[in-house]
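# Analysis of the macromolecular model
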Amino acid sequence: GAVVSQHPSRVICKSGTSVKIECRSLDFQATTMFWYRQFPKQSLMLMATSNEGSKATYEQGVEKDKFLINHASLTLSTLTVTSAHPEDSSFYICSASGGLTLGFYEQYFGPGTRLTVT
Amino acid sequence: GNSVTQMEGPVTLSEEAFLTINCTYTATGYPSLFWYVQYPGEGLQLLLKATKADDKGSNKGFEATYRKETTSFHLEKGSVQVSDSAVYFCALSDRGGSQGNLIFGKGTKLSVKP
């Protein structure tokens, strides 16, 4: 099946610094990638959708200048959390879609990245 | 707005027990409905889906029926195994099952004891 990886799996950074999270589709071309955020015991919340070569579309309430998303190739999207603060600590999950298959766009999810801001 | 409510866990069952995880939704129009499973240390995987009323999704012994009259999509399995231990997420897509805009429930952790 389609595999999506994320790197790093865990990261700890100091308040005020920036951290980059990578999301890669390993065996398929991802025309669309999604970034989610998950708080403890909460749902996954969609942050933004990005199509390769285009600017990301952010969900209402998500600061695009704080959460920079780049989808420069069909296999790689990056999420950069700029000037991180403790409230940005969370579990970030990406997913990727390779297009229409059997009438359905299936999303394949990465294993997630645990960000802790101290 | 659209939302998904699923029963809170954790749910602990003995092997071969019957499983039901309740899921109800609120949506305008005709959403597609999904169950995702997340095994320890792994990403979410699509378990099954249904795209219209009365559809039954099934996979790996799990099944769920899209009930428009009760706005429900309950997950069931007749006989669980230890390997079914995972977190299960109910979700809906309000754009006809197409890319993006998945709205998830909070997840239900299932633990199956031998």
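Higher on the page you've got the structure.
What you are looking at is a predicted structure, and each value in this text was computed from that prediction instead of being measured.

What follows is about the overall build of chain B. Assigned secondary structure in chain B consists of zero helices and 12 strands. Counting helices and strands in the order they occur from the N terminus, chain B gives β-β-β-β-β-β-β-β-β-β-β-β. Taking 114 residues into account, the globule formula puts the C-alpha radius of gyration at 13 Å, and chain B, at 13 Å, falls close to it. Here chain B holds 114 residues, and the buried ones make up 46% of them. Across chain B, every contact between residues at least 6 apart in sequence was considered, and the portion connecting residues at least 24 apart equals 56%. As displayed, chain B has an accessible area near 5,400 Å², and 46% of this comes from carbon and sulfur atoms. For chain B, the separation between the mean place of its 11 positive charges and that of its 11 negative charges on side chains is 5 Å.

Residues and elements named next belong to chain B. With respect to topology, four strands assemble into an open sheet ordered E3-E9-E8-E7, the strand pairing being antiparallel. At either end of the open sheet lies a strand with only one pairing partner, and these are strand E3 (19–21) and strand E7 (56–59). For this sheet the average axis-to-axis angle between neighbouring strands, irrespective of direction, equals 15°. In terms of strand pairing, strand E8 (residues 62–65) meets strand E9 (residues 75–77) through two bridges, oriented antiparallel. By the bridge assignment for E9, glutamate 63 is matched with glutamate 76.

The next subject is the nonpolar core. By size, the foremost hydrophobic cluster in this structure holds 26 residues, and its most contacted members are B:Trp35, B:Leu47, B:Leu48, B:Phe73, B:Leu75 and B:Tyr88. Mapped by element, the contributors of at least two residues to this core are strand E2 (11–14), E3, strand E4 (23–26), strand E5 (32–38), strand E6 (44–50), E8, strand E10 (86–93) and strand E12 (108–113) of chain B. Sort the elements by how many residues they give to this core and E10(B) lands first, with four residues. If we ignore the near neighbours within four places in the chain, the residues touching B:Leu47 are B:Trp35, B:Tyr36, B:Val37, B:Asn59, B:Lys60, B:Phe62, B:Leu75 and B:Tyr88. With 23 residues, the next largest nonpolar core counts A:Met33, A:Trp35, A:Ala48 and A:Cys94 among its residues.

With that out of the way, let us pick up the sheet that holds strand E8 (residues 76–81) of chain A. Residue and element names in this part refer to chain A. Taking strand neighbours across the sheet as the criterion, the four strands line up as E1-E3-E8-E7 in an open arrangement whose pairing is antiparallel. The open sheet has two edge strands with one neighbour each: strand E1 (4–7) and strand E7 (67–73). On average, each strand axis in the sheet is inclined to that of its neighbour by 15°, with strand direction left out of account. In the sheet, E1 pairs with strand E3 (residues 19–25) via four bridges, with the strands oriented antiparallel.

All told, the structure shown has five salt bridges over all chains when counted by the stated rule. The partner of B:Lys56 in a salt bridge is B:Glu63, and the shortest N-O contact between them spans 3.5 Å.

Contact residues are listed per partner, giving 19 residues for chain B and 20 residues for chain A. Approximately 1,600 Å² of surface area, both sides summed, lies buried where chain B meets chain A, with 59% of it carried by carbon and sulfur atoms. Summed over the shared surface of chain B and chain A, the number is zero salt bridges. Linking chain B with chain A are three residue pairs in polar contact (both at pLDDT 80 or more), by the criterion used here. Those elements that provide at least two residues to the side of chain B that touches chain A are E5, E6 and strand E11 (102–104) of chain B. For the side of chain B that touches chain A, a count of residues per class yields seven nonpolar, nine polar and three charged.

With that settled, the discussion passes to unusual backbone geometry. At the junction of A:His7 and A:Pro8, the peptide bond is cis and its omega measures out at 0° in the coordinates. Here A:Pro8 is to be found in the loop between E1 and strand E2 (10–13). Put simply, B:Gly9 and B:Pro10 share a cis peptide bond, and its omega is 0°. Note that B:Pro10 resides in the loop between strand E1 (3–6) and E2. For B:Asp54, which is not glycine, the phi torsion reads 75° and is therefore positive. Its identity as a non-glycine residue notwithstanding, B:Lys60 has a phi of 55°, on the positive side. In this structure, B:Lys60 sits in the loop between E7 and E8.

Parameters and conventions
Residues numbered from 1 in each chain as written. Chains lettered and ligands numbered in written order. Predicted model: local features only at pLDDT ≥ 70, side-chain atom pairs only at ≥ 80, totals over all residues. Heavy atoms only, no water. Helix = DSSP H or I, 4+ residues; strand = E, 2+ residues; numbered from the N terminus. Rg over C-alpha atoms; globule rule 2.2 N^0.38 Å. Buried < 20%, exposed > 50% of the residue type's maximum accessible area, 1.4 Å probe, protein only. Contact = heavy atoms within 4.5 Å. Areas by Shrake-Rupley, 256 points an atom, 1.4 Å probe, with all protein chains shown as cover. Lys, Arg positive; Asp, Glu negative; His and termini not counted. Charge placed at Lys NZ, Arg CZ, Asp CG, Glu CD. Pairing = 2+ DSSP bridges. Axes fitted to C-alpha atoms, helices over the stretch in contact; angles between N-to-C directions. Core = buried A, V, L, I, M, F, W, Y, C linked by side-chain atoms within 4.5 Å. Salt bridge = Lys/Arg side-chain N within 4 Å of Asp/Glu carboxyl O. Buried area = accessible area lost by both parts, 1.4 Å probe. Polar contact = N/O pair within 3.5 Å; in protein donor to acceptor, adjacent residues only side chain to side chain. Nonpolar A, V, L, I, M, F, W, Y, C, P; charged D, E, K, R; others polar.

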